[in-house]
Amino acid sequence: MYPYPSGDLHAGHWYAEAPADAAARFKRMQGYNVLFPMGFDAFGLPAENAAIKRNIHPATWTYSNIERMTEQFKQMGAMFDWSKRVVTCDPQYYRWNQWFFTKFYEKGLAYKKLSPVDWCPNCNTTLAREQVVGDERRCERCGTPVIKKNLSQWYFKITDYADELLDFAGMDWPDKVKTMQTNWIGRSEGAEVTFKSEQGDDITVFTTRPDTLWGATFMVLAPEHPLVDRLTTDDQRSAVEAYVERASRMTDIDRQAEGKEKTGEFTGAYAINPVNNARIPIWIADYVLMSYGTGAIMAVPYGDQRDFEFARKFGLDIVPVVRPDGVDEVDEADLSEAYAGPGVLINSGPLDGKVNNGEKGRDNPAVAAAIDWLEHHNAGREQVTYRLRDWLVSRQRYWGTPIPIVYCDACGIVPVPEDQLPVELPSDVAFMPTGESPLRSHEGFLNTTCPECGGAAQRETDTMDTFIDSSWYFFRYLSPGLDSAPFDRTLANAWMPVEQYTGGIEHAILHLLYARFFTKVIRDLGLSDVDEPFTRMFNQGMILGEDNEKMSKSRGNVVNPDELVTEYGADTVRAYLMFIGPWDEGGPWNSDGINGITKFFNRVWSLVLEPATDDGAANEADRKALRRAVHIAIKEVSEDFQNFQFNTAIAELMTLSNAMSKAKSSTMVEADEWREATRTLLTLLAPIAPHLSEELWHRLGHSASVHLEVWPSFDPTATELDTVTMAVQVNGKVRAQIEVPKDASKEDILVTAKANDNVARYVEGANINREIVVPGKLVNLVVK
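In what follows, the accompanying structure is described.

Definitions and cut-offs
Residues numbered from 1 in each chain as written. Predicted model: local features only at pLDDT ≥ 70, side-chain atom pairs only at ≥ 80, totals over all residues. Heavy atoms only, no water. Helix = DSSP H or I, 4+ residues; strand = E, 2+ residues; numbered from the N terminus. Rg over C-alpha atoms; globule rule 2.2 N^0.38 Å. Buried < 20%, exposed > 50% of the residue type's maximum accessible area, 1.4 Å probe, protein only. Contact = heavy atoms within 4.5 Å. Areas by Shrake-Rupley, 256 points an atom, 1.4 Å probe, with all protein chains shown as cover. Lys, Arg positive; Asp, Glu negative; His and termini not counted. Charge placed at Lys NZ, Arg CZ, Asp CG, Glu CD. Phe/Tyr/Trp six-rings, centres within 6.5 Å; stacked < 30°, edge-to-face > 60°. Disulfide = S-S within 2.5 Å. Salt bridge = Lys/Arg side-chain N within 4 Å of Asp/Glu carboxyl O. Pairing = 2+ DSSP bridges. Core = buried A, V, L, I, M, F, W, Y, C linked by side-chain atoms within 4.5 Å. Axes fitted to C-alpha atoms, helices over the stretch in contact; angles between N-to-C directions. Polar contact = N/O pair within 3.5 Å; in protein donor to acceptor, adjacent residues only side chain to side chain. Arc of directions from axis to C-beta.

Scanning the chain for helices and strands turns up 24 helices and 32 strands. Relative to the compact-globule value of 28 Å for 784 residues, the chain shows a C-alpha radius of gyration of 35 Å, a clear excess of over 25%. Based on the C-alpha atoms only, the size of the chain along its principal axes is roughly 105 × 80 × 45 Å. With 784 residues in all, the chain has 50% of them scored as buried. For the chain, contacts bridging at least 24 residues in sequence account for 70% of all contacts bridging at least 6. In the structure as shown, the chain presents an accessible area of about 35200 Å², 47% of it carried by carbon and sulfur atoms. Each charge sign in the chain was given a centre, from 79 positive and 113 negative side chains, and these centres are 2 Å apart.

In structure tokens, the structure reads:
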């Protein structure tokens, strides 16, 4: 995943990129064609804030940061292909954002509607999620409490692809990510039912339990529901308006927190339950969200715990509608909680006696019967719904891709034609701390002509969500300079999907889901043949500061890699970050720990370049032992690289270096086994420490790069021991360990075992009744 150009790489950036570079180098040495590009997610709110706070243009701030980070990445020694660099704030990139927008619009996947947004009444502007801070939900710019307000905004219809996004076939992704996406999409089977208010308004609800409709004793609307104002009676208006205002300051998470005390207000209005014509009161409550379902629920307090608690608090009726198995009678007065389990329907009119087996949808006989009844009586219909909502792509700020739409009094909404793209951001804007996008007051940008009739028109001043930039950038890497299309289709079909994608688990929902959606639309537009963007996904952990908190400038715990590189060298920093722990777990930075890598690299340097000691001739056993260590290292390091277990790969290389230190002698350095060991050590180390390995490789007389070497394969026979260690038991208790040839006979093993001094103590003068030998493992002598 490409980074945001914040201006300086810290150890967290290195932790994300250095191991990925090692993996890329490993695959190249295995003989693969490897495309390992780098880019910058360059639009976004921080640059706009910098413009206000530092009196600098966002473009100036962003591009200077990009150049700074590019030099730092090069210092890392990563094998990035900089000819493929993508910068999303470049007009030649965001031109294609706009092109995609128009294609989505033509395909019916982009539309505009009113929806609630976070609004700062002081700055008089909408706020992005990241601009609302603190538990009290205040504007980060002025500290004013944020409210909800309806605004006309642009959406992408990601919900059209909901079912396809639930299919992860052929994707080697972490189960946690797939589960998170599945839950986020939230497919539910049930029925859509329309209640009527006494004023005649339709109030549509979705329920997975239409069999409980006869137990619906009240309705609850979200405070933001558009009918609230119309339905509220005069005597309830002040209380309802105050409640709506309070709810607007709360997050959706807070509103649905488990255990939260139920609050609400009666609107004064009533609705008619379509299955029994019962007159039921209409309330508003913050536990119902406009962003989920229809923003209205039929409340069945007998079967839903939230409704149960609400009914108990406000004295509303509770009608039992399911008799649990083994229960003869259900008394409402005896209930202490809701019951949502299986049983037989009661108090349900024509459905009395139907069995609810606890299954979902039509697999549940009671649910199936309820759906059939509703459809037969034109009171409702079978429906599948999703927790997933369409993607809100409008942002009321400057530093983003302008939405390519103009508004004409005669022609209405008109997309900007392809030959007029890109619609470029004007550079001569005034950044004032008003909270409004400067595009709204830029006459040259705002006023234009209609592409259809040539009359006066105005441009859309919203810009696109930056998640659009990151939803297809991996396609653009293939042909970043192409002017005739967003990417080269031939290259896309050859290289896509990405075989390996790495990044943090925090992107499991938004970025990764949007990238999958975009890839499927790109396929349906006929631009590529691939269904998914990334075949294999790996989530690295997070590197923490020495205070065990996430690294951030605000906490003052950021580790500056530039200083470490100056003191220790880039390879030492790379290797320490890989050695700090499993890459998928992360861990805290410990400045003292880096010295262990320094010692290891010094040992490697000495092994390769310093003269050997004259401590006698190496014998055959020494040579075999060294070759065994080499081939074990090849096997283990290869497996570790394949599984991104860099910490254990480095540990295995340390083991190999220790074996080489033990074996090194003036005779050994002339042997084939030593030359193989040295060559293997540098080859296996090359992806981790590219500079050190290359330097030593050339000092050994090689002219080509070590990084162009073929990754070694191990010889299984070389890893085998000539001898095995076996435990010797006497009457089941271990008395000794013996070493015997791996192909020793049972008789020879017994002779060696009995000859051991400690074993002899326990068998001397005793009768050996049984002699048990498990080859390669143990000997057990049973004596009296």
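This model, assessed by the stated rule, comprises 55 aromatic pairs. On the basis of an interplanar angle of 0° and a centroid distance of 3.7 Å, the ring pair of tryptophan 391 and tyrosine 514 is categorised as stacked. Remark: tyrosine 514 occurs in helix 15 (residues 510-524) and tryptophan 391 occurs in strand 18 (residues 391-392); sequence separation between them is 123 residues. When sorted by exposure, tryptophan 391 lands in the same class as tyrosine 514, which is buried. With centroids separated by 3.7 Å and ring planes inclined at 10°, the aromatic side chains of tyrosine 501 and phenylalanine 534 adopt a geometry described as stacked.

A full pass over the atoms with the stated rule returns 0 disulfides. Cysteine 142 supplies the cysteine sulfur nearest to cysteine 120, a cysteine that is in no disulfide, at a spacing of 3.5 Å. Relative accessible area serves as the criterion here: at 0%, cysteine 120 is assigned to the buried category.

With that settled, consider the side chain of aspartate 307. Secondary-structure assignment places aspartate 307 in helix 10 (residues 305-314). Buried charge without a salt bridge: aspartate 307, with arginine 306 as the nearest opposite-charge side chain at an N-O distance of 5.5 Å. Aspartate 307 has contacts with Phe218, Tyr287, Ile297, Met298, Ala299, Val300 and Pro301, leaving out every residue within four places of it along the chain.

Time to look at the sheet that holds strand 14 (residues 322-323). One open sheet holds the 3 strands; their spatial order is 14-15-16, and the pairing between them is antiparallel. Two strands bound the open sheet, and with one partner strand each, they are strand 14 and strand 16 (355-356).

Moving on: the nonpolar core. Counting residues in each nonpolar core, the largest one holds 152 residues, and the members touching the most others are Phe156 and Trp391. It is helix 1 (residues 11-29) that provides the largest number of residues to this core, a total of 10 residues. Contact partners of phenylalanine 156, with chain neighbours within four places excluded, come to Phe101, Phe104, Leu109, Ala110, Asp390, Trp391, Val393, Ile468, Phe517 and Phe518. The next biggest cluster of nonpolar side chains, apart from the first, holds 55 residues, and it includes Val193, Val228, Val330 and Ala366.

Moving on, we get to the sheet that holds strand 30 (residues 733-741). The strands making up a sheet are joined through hydrogen bonds of the backbone, oriented either antiparallel or parallel. Read from one edge of the open sheet, 4 strands run 30-29-32-31, paired in mixed fashion. In the strand order of this sheet, the two ends are held by strand 30 and strand 31 (768-774), each with one partner. Across this sheet, the average inter-strand angle for adjacent strands is 20°, counted without regard to direction. Two strands pair when backbone bridges link them, and strand 29 (residues 723-730) and strand 32 (residues 778-783) are joined in this way by 4 bridges, in the parallel orientation. Each bridged residue has a counterpart across the sheet, and for valine 730 the counterpart in strand 32 is leucine 781. On the sheet, helix 23 (residues 746-755) packs against strand 29, strand 30, strand 31 and strand 32 and is oriented at approximately 115° with respect to strand 31.

Next up on the list: the side chain of lysine 664. Tracing the sequence through the fold places lysine 664 in the loop between helix 20 (646-663) and helix 21 (672-685). At a separation of 3.0 Å, a polar atom in the side chain of lysine 664 contacts the main-chain carbonyl oxygen of leucine 607. From its side chain, lysine 664 meets the backbone oxygen of glutamate 610 in a polar contact 2.6 Å long.

Val177, Lys178, Gln181 and Ile185 are the residues of helix 6 (residues 175-185) that are buried. Angularly, the buried residues of helix 6 cover 100° about the axis, an arc narrow enough to put them on a single face. Residues Asp175, Lys176 and Asn183 are exposed on helix 6 and point more than 90 degrees away from its buried face. Of the residues trailing helix 6, glycine 186 is marked for its positive phi of about 60°.

Before going further, it helps to examine helix 16 (residues 561-568). Taken as a whole, helix 16 has its buried residues at Pro561, Asp562, Leu564 and Val565. Along the axis of helix 16, the buried residues cluster in a sector spanning 165°; they form a single face. Turned more than 90 degrees off the buried face of helix 16, the exposed positions are Glu563, Thr566 and Glu567. On its buried face, helix 16 is in contact with helix 1, helix 3 (58-76) and helix 17 (570-579). A side-chain oxygen of the first residue of helix 16 lies 2.8 Å from the backbone nitrogen of aspartate 562; this N-cap is asparagine 560. Two residues or fewer after helix 16 comes glycine 569, characterised by a positive phi angle close to 100°.

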